[in-house]
Amino acid sequence: MLARSCLTLLLCCTSTLAAAKEPAQVAATQAPIARPLAARNVEPANQPGLISPGKEPDIVPPDYKRDWKTEQRFLQAGTGTSWVLAGLGTVGLIVPLAMLSRCNNAQDAGAMLDCSQERRTAGIMAPILGVLTVAALVPAVMFTRRLVKHDNKRPDKRRTAFGVSAGGLQLQF
């Protein structure tokens, strides 16, 4: 039963990650379409300094934005899936240990309880779910780190930096 559940979770995670990665693979297989050059009405260039501050030109190519969003979806799916599995493993680890603690407290108080079944369940489930938790934490941390680094490379992100340079303190906008 546990093996079947773990296999189902694994297949679900794999399909989730594959669905998130699919648009990039489709875009990679499509070749750019050759378009004939057409005459365009070109307006005269504005005077320098007359561009309104709210409308800055977009200098990031659309292919880069599309690839960035595809990678973003992949990393978000991997991060979410890994943290959900780590959370399920943590909850699954706490439940058998809480059952074991309840039996130990009842026996210490002098109650006559047969806790052999609870002990057996806790003895089997706690190590399995502990390994699942640790195994899910490793990719969760890796995906989270990659997602944060990827967010810092967002095409339209405004970056400010404060640091020390050769001339002293430096503030960049």
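The notes below deal with the structure included here. All residue numbers refer to position in the chain's written sequence, counted from 1. Where local features are concerned, this predicted model is filtered to residues with pLDDT of at least 70; where side-chain atom pairs are given and counted, the filter is 80 or more; whole-chain, interface and lining totals use all residues. With hydrogens and water set aside, each side-chain value is computed from the structure's full complement of heavy atoms.

**A closer look at helix α3 (residues 116–152)**
For α3, which comprises 37 residues, the first-to-last C-alpha distance of 53 Å matches the rise-based estimate of 54 Å (1.5 Å per residue) to within 8%. Under the scheme applied here, a residue whose accessible area is under 20% of the maximum for its type counts as buried, over 50% as exposed, and between as partly exposed, the area being computed with a 1.4 Å probe on protein chains only. Runs of H or I in DSSP of at least four residues are treated as helices and runs of E of at least two as strands, each being numbered from the N terminus. Among all positions of α3, only Ala122, Ala126, Leu129, Gly130, Thr133, Ala136, Ala140, Phe143, Leu147 and His150 are buried. In this description, contact between two residues means that some pair of their heavy atoms is separated by no more than 4.5 Å. Elements that come into contact with the buried residues of α3 comprise α2 (62–108). What a helix should span is 1.5 Å times the count of its residues minus one.

**Some remarks on a nonpolar patch on the surface**
Think of a patch as exposed residues, more than 30% relative accessible area, with no salt bridge, where like charges cluster within 9 Å and nonpolar side chains (Val, Leu, Ile, Met, Phe, Trp, Tyr) cluster within 5 Å. The Shrake-Rupley method, run with a 1.4 Å probe, gives the accessible areas here. Residue values count only the displayed protein chains as cover. In the sections that follow, a salt bridge refers to a side-chain nitrogen of Lys or Arg positioned within 4 Å of a carboxyl oxygen of Asp or Glu. Nonpolar side chains collect at one region of the surface, where Trp83, Leu137 and Val141 lie side by side and expose about 260 Å² of accessible area between them. Relative to the helices and strands, Trp83 is located in helix α2.

**Brief notes about the side chain of Gln72**
Within the secondary structure, Gln72 sits in helix α2. The buried category is assigned to Gln72, whose relative accessible area is 11%. Non-local contacts of Gln72, meaning those with residues more than four positions away in its chain, are made with Leu147, His150 and Asp151.

**Examining the pattern of salt bridges**
Where side chains of opposite charge bring their charged atoms close, a pairing between them can arise. The final tally for this structure, using the stated rule, is two salt bridges. Arg66 is the salt-bridge partner of Asp63, the closest N and O atoms lying 3.2 Å from each other. Residue Asp63 and its partner Arg66 are located together in helix α2, separated by three residues, close to a single helical turn. On the accessibility criterion, Arg66 (40% relative accessible area) is partly exposed. A salt bridge links Arg146 to Glu71; its shortest N-O distance comes to 3.2 Å. With Arg146 in helix α3 and Glu71 in helix α2, this residue pair connects regions lying 75 residues apart in the sequence.

**Some remarks on the environment of Ala98**
For Ala98, the location among the structural elements is in helix α2. Spatially, the C-alpha atom of Ala98 lies 8.9 Å from that of Ala122, the residues being 24 residues apart in sequence.

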